[in-house]
Amino acid sequence: MAEESWGRVAEDGTVFVRTKDGERAVGQWPDANPEEALAFYTRRYDALAFEVDLLEKRVQAGTVSPDDARAAVKKVTSSIDEAQAVGDLDGLRTRLEALTPLVAQQREKRKAERAAKVEEARDAKTKIATEAETIAAGTDWRHGVTRLRELLDEWKALPRLDKSSDDELWHRFSSARTTYTRHRKQHFAELSSKRDEAAVVKERLAAEAEGLSSSTDWGPTSGRFRDLMRQWKAAGPAPREVDDKLWARFRSAQDAFFGARDAVQAEENQEQVANLAAKEALLVEIEAILPVKDAKAAREQLRELLDRWDAIGKVPRDSMRAIDGRLRAVEQAVKSAEDEVWNRSNPEARARAEATVKQLQSLIADLEKQAAKYESQGNTRKATEAREAIEARREWLAQAQNALNDFS
């Protein structure tokens, strides 16, 4: 009779497994030698042990739900109780029993996590309802409708709460959306009415402007056109297509009047034409200041030239922007040169540059000492690293020194 620690084969070929409750027959193998019989039933045990090991890992890793884990433990335990296998079945059963409290812990953990998610959802839905109520109380008709759509999508993505809480928060959110939609429709209805009223006002203004377009009473008519423009702006927008057509009429009448006025004034402005020629000639002198080499001298020279510029007088309106632009370019260049001089003499910046130079000099000195020390100790690697660090910081020092020299 062949025997092993977990089972044996009787002379008639019956295979037994040993458990804490005693021996139990698991099969019969009359035609095979005992070693082959035990090996066959041991392999069955190994399959069970692999199944238990896999279940342990899944439970410990939390990759299986507590309910599924409990069902799997029950199923595998039943398999072990009826297993036709030879091995430490009691040990497998003990390992499965050890999973029961772990599954219970995971169940409680998941229960707590679900509760936490419900509270998170409660907070999120409360915030959504509150924000929706804020939007409903406001007048942001352009962005509010988009934000409410986004809030609705956020609500749909959240889990449900208990029916009472969920219904209460949904009622707040839904009521806010309804209120906002009603107020928005009312606003645009009022806006449409105001646009129709604006169209009537602008029709009158355009007609009056057309009547004034041929006037030669330059002063009073110019003032009246300014009044009409103020009334036009105060009228607010009309429907876009109507607004564009009325504005074209109004602007055409305005342009006709002011074009005729400017033409007459151009004939009367020979003095301004002469002033333009004088200023253009003076601009040649002013632009000769560039490029600025001495900011102080350039400022004094420009000041004298500007006195002459102001003494010349006005130029035609249509030429004013061009010559003023050239003058402003020179003034800006002189100012930039003055700013550059100031930056180079800035004591705070100079102090920072000096501090950087001193710090690098001190660091290089320390590294020189370290390199000498390592060389005396025969530590070639450390000495080489120190020398390389010194070279790098010397380059930094050269750059810092150049920056400091800029302040001199």
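Below or above, wherever it landed, is the structure these notes cover.

1. Here we look at the overall build of the chain
Part 1 of the reasoning: A count of helices and strands for the chain gives twelve helices and four strands.
Part 2 of the reasoning: In summary, the chain has a C-alpha radius of gyration of 47 Å against a globular reference of 22 Å for 408 residues, an excess of more than 25%.
Part 3 of the reasoning: C-alpha atoms of the chain, sized along the principal axes, occupy 140 × 90 × 35 Å.
Part 4 of the reasoning: A separation of at least 24 residues holds for 66% of the contacts in the chain among residues at least 6 apart in sequence.
Part 5 of the reasoning: As displayed, the chain offers around 26100 Å² of accessible surface, 51% of which is attributable to carbon and sulfur atoms.

2. Side note on the side chain of K125
Part 1 of the reasoning: Assignment of secondary structure puts K125 in helix α3 (residues 89-137).
Part 2 of the reasoning: A residue is classified by how much of its surface remains accessible, and K125, at 1% relative accessible area, is buried.
Part 3 of the reasoning: At 3.2 Å, the side chain of K125 forms a polar contact with the backbone oxygen of P159.

3. What about helix α6 (residues 218-235)?
Each turn of an α-helix holds 3.6 residues, which means side chains three or four residues apart point in the same direction.
Part 1 of the reasoning: Helix length check: α6 (18 residues) gives 25 Å between terminal C-alpha atoms against 26 Å at 1.5 Å per residue, within 8%.
Part 2 of the reasoning: Of the residues flanking the end of α6, it is G236, one or two places downstream, whose phi is positive at about 80°.

4. Looking at the packing of aromatic side chains
What characterises a pair of aromatic rings is the spacing of the ring centres plus the angle enclosed by the ring planes.
Part 1 of the reasoning: Across all of its chains, the model carries 14 aromatic pairs by this definition.
Part 2 of the reasoning: Centroid distance W170 to F173: 5.7 Å. Interplanar angle 75°. Geometry classified as edge-to-face. Pair noted here: W170 and F173 are both in helix α5 (residues 163-212), with a separation of three residues, about one helical turn.
Part 3 of the reasoning: The class of W170 is partly exposed, set by a relative accessible area of 33%.
Part 4 of the reasoning: An aromatic cluster is defined as three or more aromatic residues linked by ring pairs; in this entry it consists of W218, F225, F257 and F258.
Part 5 of the reasoning: Its end group placed over the ring of F16, R8 keeps NZ or CZ at 4.5 Å from the ring centre.
Part 6 of the reasoning: A cation sits over an aromatic face here: R177 above F173, 5.5 Å from the ring centre.

5. Thoughts on the pattern of salt bridges
Part 1 of the reasoning: One pass over the structure, following the stated rule, counts 35 salt bridges.
Part 2 of the reasoning: Here E375 and R387 are joined by a salt bridge, their closest N and O atoms 3.2 Å apart. A residue pair is termed long-range when its members are at least 10 positions apart, and E375 in helix α11 (residues 347-377) and R387 in helix α12 (residues 380-405) qualify at twelve residues.
Part 3 of the reasoning: Given a relative accessible area of 42%, E375 falls into the partly exposed group.
Part 4 of the reasoning: One network of salt bridges, in which partners are shared, links E368, E375, R387, E391 and R394.

6. Remarks on a negative patch on the surface
Part 1 of the reasoning: Together, D294, E300, E304, D307 and D310 make up a region of like negative charge exposed at the surface.
Part 2 of the reasoning: Relative to the helices and strands, D310 is located in helix α9 (residues 295-312).

7. Quick word on the packing of helix α1 (residues 34-61) against α3
Part 1 of the reasoning: Here α1 crosses α3 at 15°, and the two axes come no closer than 10 Å. In terms of axis orientation, α1 runs roughly parallel to α3. Crossing of α1 over α3 shows left-handed handedness. Each of Y45, L48, A49, V52, D53, L55, E56, V59 and Q60 in α1 lies in contact with α3, whose residues at this interface are L89, L92, R95, L96, L99, L102, V103 and Q106.

8. Section: the pairing of strand β3 (residues 14-19)
Part 1 of the reasoning: With five of six residues buried, β3 is to be regarded as a mostly interior element.
Part 2 of the reasoning: Here strand β2 (residues 7-9) pairs with β3 via three bridges, running antiparallel. Looking at β3, one finds that V9 is bridged to V15.
Part 3 of the reasoning: Counting the residues in the hairpin turn of β2 and β3 gives four residues, including G13, whose phi is positive at 95°.
Part 4 of the reasoning: Connecting β3 to the next strand, strand β4 (residues 22-28), in antiparallel fashion are two residues.

9. Notes on the environment of E208
Part 1 of the reasoning: Summarising the element assignment, E208 is placed in helix α5.
Part 2 of the reasoning: Separated by 193 residues in the primary sequence, E208 and Q401 have C-alpha atoms spaced 74 Å apart.
Part 3 of the reasoning: Setting aside anything within four residues of it in sequence, one finds E208 in contact with R224 and L228.
Part 4 of the reasoning: A polar atom in the side chain of E208 sits 2.7 Å from the side chain of R224.

10. Considerations on the packing of helix α2 (residues 66-81) against α3
Part 1 of the reasoning: One way to put it is that α2 packs onto α3 with a least axis distance of 9 Å and a crossing angle of 170°. Considering the angle they form, α2 stands roughly antiparallel to α3. α3 is crossed by α2, and the crossing has left-handed handedness. Contacts between α2 and α3 involve P66, D67, A69, R70, V73, V76, T77, I80 and D81 from the first element and L89, L92, R93, L96, L99, V103, Q106, R107 and R110 from the second.
Part 2 of the reasoning: For the contact of α2 with α3, the per-class residue count stands at ten nonpolar, two polar and six charged.

Rules used throughout
- Residues numbered from 1 in each chain as written.
- Predicted model: local features only at pLDDT ≥ 70, side-chain atom pairs only at ≥ 80, totals over all residues.
- Heavy atoms only, no water.
- Helix = DSSP H or I, 4+ residues; strand = E, 2+ residues; numbered from the N terminus.
- Rg over C-alpha atoms; globule rule 2.2 N^0.38 Å.
- Contact = heavy atoms within 4.5 Å.
- Areas by Shrake-Rupley, 256 points an atom, 1.4 Å probe, with all protein chains shown as cover.
- Buried < 20%, exposed > 50% of the residue type's maximum accessible area, 1.4 Å probe, protein only.
- Polar contact = N/O pair within 3.5 Å; in protein donor to acceptor, adjacent residues only side chain to side chain.
- Expected span 1.5 Å × (residues − 1).
- Phe/Tyr/Trp six-rings, centres within 6.5 Å; stacked < 30°, edge-to-face > 60°.
- Lys NZ or Arg CZ within 6 Å of the ring centre and 35° of its normal.
- Salt bridge = Lys/Arg side-chain N within 4 Å of Asp/Glu carboxyl O.
- Patch = residues over 30% accessible without salt bridge, like charges linked within 9 Å, V, L, I, M, F, W, Y side chains within 5 Å.
- Lys, Arg positive; Asp, Glu negative; His and termini not counted.
- Charge placed at Lys NZ, Arg CZ, Asp CG, Glu CD.
- Axes fitted to C-alpha atoms, helices over the stretch in contact; angles between N-to-C directions.
- Parallel < 35°, antiparallel > 145°, perpendicular 65-115°, else oblique.
- Left-handed = near helix turned anticlockwise from the far one by under 90°.
- Pairing = 2+ DSSP bridges.
- Nonpolar A, V, L, I, M, F, W, Y, C, P; charged D, E, K, R; others polar.

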